[in-house]
Amino acid sequence: MATLLHRLGLTAYRRWPLVIGTWVVLFIALGASAAAFSKPMSDSFSIPGIPSEEAADLQSELFPGAPDPSERATANVVVAAPEGEQLSDPRWQEATQALIEDLSGLPQMPETPLVGPVTAAEQQRQQLLQAAAQAGTDRQVAEADARALSPLSEDGRVGIITWDFAVDSVADVEPSTIEELEDVMSEARGSGLTVEANGPGTAGMPHLGGTSEIIGVAVALVVLVLTFGSLVAAGLPILTAAIGVGFGLTGITLMTAFADVGSTTPMLATMIGLAVGIDYCLFILARFRSELDHTSDRQDATGLAVGTAGSAVVFAGLTVLIALAALSLVRIPFLTSMGLAAAATVLVAVLVALTLLPALLGMLGSKVFAGRVRRYRPARDHDGRILNNGVRWGRFVGRRPAAVVAIVVVALGVLAVPLKGLHLAFPTDSTASTDTTQRRASDLVAEAFGPGRSAPLLVVVDGRDVPADERPAAYGEVVAWAAGQDGVVNAQVVGQNEDGTGAQVLVTPETGPEHTATEDLLGDLRAGTGDLEERTGADLGITGTTAIFTDISERLSDALPVYLAVVIGLAFILLMIVFRSILVPLTATLGFLLSVLATLGITVAVFQEGALGLVEGQPIVSFMPIFLIGLVFGLAMDYQVFLVTRMREAHVHGMSTSDAVIDGFRNSARVVAAAAVIMISVFAAFVLIDEPIIKSMGFALAVAVFLDAFVVRMALIPALLDLLGEKAWWLPRWLDRLLPVVDVEGEKLQRGSGHLVPGEAGAAEERQPV
């Protein structure tokens, strides 16, 4: 492989106008195709195979006109009179009516007129009492049902105005509509009413601004300037990473012409594409500068850099591709599309590093390290080799390797302890930031109506196999059974289809959507449906937003062990090929598990249990652990490959394991540390965003990169290699014959006039191997 990449690097350097021109033409063609054929991204949340989705399909079959709960752009405006007063008071009724008139003038509003909560509550009560009288139902039961559905609180102070925007899906609600809604609410507050809004239709697109990205890029520039001492060289990794991400995002846009692509798909692609794009170009550029210490031929230095560091880039990229493509194992469409799109972006980042970067080096020539802010004059050891902080740290670890291993393992184990209380759930308005109107509206609803109002469960009853005269009794039995469950406030039939073959039973729990008690109630209801179906002859299914989110969380939890096994297993094989060892890949994967478990433990302590007061305690978003594993595994294996391949390279050329560890630190520690600091800064900048989900993701990723890069890769792994000695590179002969041979270390490459000399290990020293 090193031979092929060496030739590729030389060709890109020599033919730089052709290579750069090809990339420009490809980008123009891709962009033009995307502009001509792309379609809007989808926000469909269909998850085939989960129980709530099957129940939703049954609901659509029995009630053809029923809207998909995942597509409904529902908006709830919550109004509250001052303490001790009621919305029925003339002053507040007048203010509420003025608010309703302004809301009715918003764009994308339905044709059905809005009704104030006081009027709506009374109308609803009368309808339920009349229906109860006709059916012979107890009046007290009807009153309880009316209270459970009433848009007005029992004390008359808080009311809810609800509607669905006249759009096909939540994504179709225009940002301008949300802005006008905010203006209307702001004006209504001037009357003295408390006015807040929540619901899917009010979410809009999150306005994250560019502060976090600017901070991340600024820190990256500072670190790169300190690493290379040159403004031009510092800009190259950021430029090439941006080009790679641009290609990836344009390709994702084009894919909408051929398949449904979720609107969240570009998020992961941008994050991981930027991360690996900077890393890969940084490593090759650093190797290029290192080669210039041995040769003045920039073309030859480029070929050697691409042949050696480029080989490591290829294998590091393959581990990331495995981690991202394996997201398809979860069998959740939006995760699959995100993983595959991010994997494609990583592939582009690898190609950019191997072709466009050497072409840019050829174009810039002697100007690659122009704009110097400091000279690179490393100190020398007594043997003439470079003496830097990486060497000093490697020697420190080598003096007490057993103590370092014990300290790292114990420390990471202690940090992982809070993980035992992990609670995964999907984000809701009730877990949003306290500064948002959605959270304030949810708090008002929970206080006035109970937290369960925001977490309804819908039991779909299929009575087609029940005799017509027995269906009302069957539906009544379902209601009585649901109402009798622990943790249920109310259960009632809220709809029947025209021929009476289907019914919908609304179940209001005592607790909100983020509570484990609500998940337990859902499990109890499903556990009891079998016996109830036998008694009534009806088929039952439970759906609704709360049920869908719970099922997705459960699927993610179930898929996590399988995902880990596949990713780590495939990466283990890949690392065996790279390092020709069993113990080195084993220590790499075990170290990754330690860092991930510790990261999850810290995240649970800070974001779920509220430690440090950074946020209020709330469940961890369901997809965060699997995203964390995918992203951090890719970056961790990057650092493992780039650091340990230099150690193996030194060992292949005759050094003992201990000396090879120090030599690996001498050549790679500075660059790995720079790459890690850049990633930590990029991720940590997202903690500044006042959105708990994004804040927790940024925090977890920053902590994970810190622990894996500095604690595991630079402390635990070298200490274990020192303890293992020559056994670290042991590989059974039969396995050595089975594994393909790839020249990652560039054993066959020789510095010279840009050509290759097929060398043998015995002649390595004479040929000044890299």
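Counting restarts for each chain: residues are numbered from 1 in the order of the written sequence. The model is predicted, so local features are restricted to residues of pLDDT at least 70 and side-chain atom pairs to those at 80 or more, both for listing and for counting; the totals for chains, interfaces and linings are taken over all residues. With hydrogens and water set aside, each side-chain value is computed from the structure's full complement of heavy atoms.

1. Observations regarding the packing of helix α20 (residues 624–652) against helix α21 (residues 657–684)
Consideration 1: Structural elements are reduced to axes, namely lines fitted to C-alpha atoms, with helices fitted over the stretch in contact, and the angle between N-to-C directions of any two is expressed from 0 to 180 degrees. Strands are runs of DSSP state E lasting at least 2 residues, helices are runs of H or I lasting at least 4, and numbering of each runs from the N terminus. With their axes 7 Å apart at the nearest point, α20 and α21 run at an angle of 160° to one another. When the axis of α20 is compared with that of α21, the two are roughly antiparallel. α21 is crossed by α20, and the crossing has right-handed handedness.
Consideration 2: Of the residues that constitute the contact of α20 with α21, the class distribution is 15 nonpolar, 5 polar and 2 charged. Any angle that is under 35 degrees is reported as roughly parallel, and any over 145 degrees as roughly antiparallel; angles of 65 to 115 degrees are reported as roughly perpendicular and all others as oblique. For a crossing to be left-handed, the near helix must be turned anticlockwise from the far one by less than a right angle; the clockwise case is right-handed. Throughout this entry, Asp, Glu, Lys and Arg are counted as charged residues, while Ala, Val, Leu, Ile, Met, Phe, Trp, Tyr, Cys and Pro are counted as nonpolar. The remaining residues, Gly among them, count as polar.

2. Observations regarding the packing of aromatic side chains
What describes a pair of aromatic rings is the distance from one ring centre to the other and the angle between the planes of the rings.
Consideration 1: The criterion for an aromatic pair is that two Phe, Tyr or Trp rings (for Trp, the six-membered ring) have centres within 6.5 Å, with stacked assigned to planes under 30 degrees apart, edge-to-face to planes over 60 apart and tilted to the rest. Scanning the entire structure with this criterion turns up 12 aromatic pairs.
Consideration 2: On the basis of an interplanar angle of 10° and a centroid distance of 6.1 Å, the ring pair of Phe288 and Phe369 is categorised as stacked. Residue Phe288 is found in helix α10 (residues 265–291), and its partner Phe369 is found in the loop between α12 (333–364) and β4 (379–380); the two are separated by 81 residues along the sequence.
Consideration 3: For Phe288, a relative accessible area of 1% puts it in the buried group.
Consideration 4: Aromatic pair Phe706 and Phe710: ring centres 5.7 Å apart, planes at 45°, arrangement tilted. Note that Phe706 and Phe710 are positioned in helix α22 (residues 692–724) at a spacing of 4 residues, about one turn of the helix.
Consideration 5: Throughout, exposure labels follow a simple rule: accessible area from a 1.4 Å probe, protein chains only, divided by the maximum for the residue type, with under 20% read as buried, over 50% as exposed, and the rest as partly exposed. The class for Phe710 is partly exposed, based on a relative accessible area of 24%.
Consideration 6: Through pairs of rings, three or more aromatic residues link up here, namely Trp23, Phe27 and Phe247.

3. With respect to the sheet that holds strand β10 (residues 539–543)
Consideration 1: Two strands are counted as paired when DSSP detects at least two bridges linking them. Spatial ordering of the open sheet is given by β8-β9-β7-β10, a layout of 4 strands whose pairing is antiparallel. Among the strands making up the open sheet, the edge pair consists of β8 (488–496) and β10. Strand-to-strand twist in this sheet, taken as the mean axis angle between neighbours without regard to direction, amounts to 25°.

4. Description of the sheet that holds strand β3 (residues 194–198)
Consideration 1: Spatially, β2-β1-β3 is the arrangement adopted by the 3 strands of the open sheet, whose pairing is antiparallel. Either end of the sheet is taken by a strand with one partner, and the two such strands are β2 (158–164) and β3. Across the sheet, the mean angle from the axis of one strand to that of its neighbour is 20°, orientation sign disregarded.
Consideration 2: Across 5 bridges, the pairing between strand β1 (residues 74–80) and β3 is antiparallel. Of the residues in β3, the one forming a bridge with Ala80 is Thr194.

5. Points about helix α2 (residues 16–37)
Consideration 1: In this scheme, a helix's expected span is set at 1.5 Å multiplied by one less than its residue total. Between the first and last C-alpha of α2 there are 31 Å, a value that for 22 residues agrees with the 32 Å anticipated at 1.5 Å per step.
Consideration 2: All of the buried residues in α2 are Val19, Ile20, Trp23 and Ala34. End-on, the buried residues of α2 take up no more than an arc of 95°, which puts them together on one face. For α2, exposure combined with an orientation more than 90 degrees from the buried face picks out Leu18, Val25, Ile28, Ala35, Ala36 and Phe37. By definition, the arc is the one covered by directions from the helix axis to the C-beta atoms.

6. As for the packing of helix α18 (residues 545–579) against helix α19 (residues 583–608)
Consideration 1: In contact at an axis separation of 8 Å, α18 and α19 are set at 145° when each is read in the N-to-C sense. Helix-helix and strand crossings are classified by hand; for α18 and α19 the assignment is right-handed. Residues Leu564, Ile568, Phe572, Leu575, Met576 and Phe579 of α18 pack against Val584, Pro585, Leu586, Ala588, Thr589, Phe592 and Leu593 of α19.
Consideration 2: Taken together, the residues of the contact of α18 with α19 sort by class into 12 nonpolar, 1 polar and no charged. It only takes one pair of heavy atoms within 4.5 Å for two residues to be counted as in contact.

7. Re helix α14 (residues 401–415)
Consideration 1: Over its 15 residues, α14 extends 21 Å from the first C-alpha to the last, a length consistent with the 21 Å expected when each residue adds 1.5 Å.
Consideration 2: Those residues of α14 that fall on the buried side of the exposure criterion are Pro401, Val404, Val405, Val408 and Leu412. Looking straight down α14, one finds its buried side chains confined to an arc of 100°; they lie on one side. Residues Ile407, Val410 and Val414 are exposed on α14 and point more than 90 degrees away from its buried face.
Consideration 3: Along its buried surface, α14 packs onto α13 (389–399), α19 and α22.

8. As for the nonpolar core
Soluble globular proteins tend to pack their nonpolar side chains together in the buried interior.
Consideration 1: To define a nonpolar core, start from buried Ala, Val, Leu, Ile, Met, Phe, Trp, Tyr and Cys residues and group those joined through side-chain atoms within 4.5 Å. Residues Tyr280, Ile284, Leu556, Phe592, Phe627 and Tyr639 are the most contacted members of the largest nonpolar core, which totals 167 residues.
Consideration 2: Counting residues in each nonpolar core, the second largest holds 29 residues, with Ala95, Leu99, Ile100 and Val184 among its members.

9. Considerations on the environment of Thr645
Consideration 1: Inspection of the secondary structure assignment puts Thr645 in helix α20.
Consideration 2: Remark: the alpha-carbon pair of Thr645 and Gly664, spanning 19 residues in sequence, is separated by 7.7 Å.
Consideration 3: Among the polar contacts listed, one links the side chain of Thr645 to the backbone oxygen of Val641, at a separation of 2.4 Å. N or O atoms within 3.5 Å of each other form a polar contact, as long as, within protein, one can give a hydrogen and the other can take it, and as long as residues adjacent in sequence are counted only when both atoms are side-chain atoms.

10. As for the pattern of salt bridges
Consideration 1: A pairing counts as a salt bridge when a side-chain nitrogen of Lys or Arg comes within 4 Å of a carboxyl oxygen of Asp or Glu. Applying the stated rule across the entire model yields 16 salt bridges.
Consideration 2: Between Asp708 and Arg713 there is a salt bridge, with the nearest N and O atoms lying 2.7 Å from each other. No difference in accessibility class separates Asp708 from Arg713, as the two residues are buried.
Consideration 3: Each of Glu122, Arg125, Arg139 and Glu143 takes part in salt bridges that share partners, so that together they form one network.

11. Digging into a negative patch on the surface
Consideration 1: Taken together, the side chains of Glu101, Asp102, Glu179, Glu180, Glu182, Asp183 and Glu187 define an acidic patch exposed on the protein surface.
Consideration 2: For the negative patch, the secondary-structure elements that each account for two or more residues are α4 (90–104) and α7 (175–189).
Consideration 3: Within the secondary structure, Asp183 is located in helix α7.
Consideration 4: For Asp183, a relative accessible area of 52% gives the class exposed. Nonpolar side chains (Val, Leu, Ile, Met, Phe, Trp, Tyr) are joined into patches within 5 Å and like charges within 9 Å, using only residues with over 30% relative accessible area and no salt bridge. Calculation of accessible area relied on Shrake-Rupley with a 1.4 Å probe; when residues are assessed, cover is drawn exclusively from the protein chains displayed. In this count, Lys and Arg are taken as positive residues and Asp and Glu as negative ones, while His and the chain termini are left out. Charged side chains are reduced to one point each, which is NZ for Lys, CZ for Arg, CG for Asp and CD for Glu.

12. Let's talk about the confidence of the model for the protein chain
Consideration 1: Within a predicted model, pLDDT stands for the predictor's per-residue confidence, ranging from 0 to 100. Residue-level pLDDT values for the protein chain average 86, and 93% of them are 70 or greater.
Consideration 2: By mean pLDDT, β4 is the weakest element of the protein chain at 72, and α14 is the strongest at 96.
Consideration 3: With pLDDT under 50 throughout, residues 205–209 is counted as low confidence; its partners more than four residues away or in other chains account for 2 contacts.
Consideration 4: When the criterion is pLDDT under 50, residues 753–770 qualifies, and its contacts beyond four places in sequence or with other chains add up to 37 contacts.

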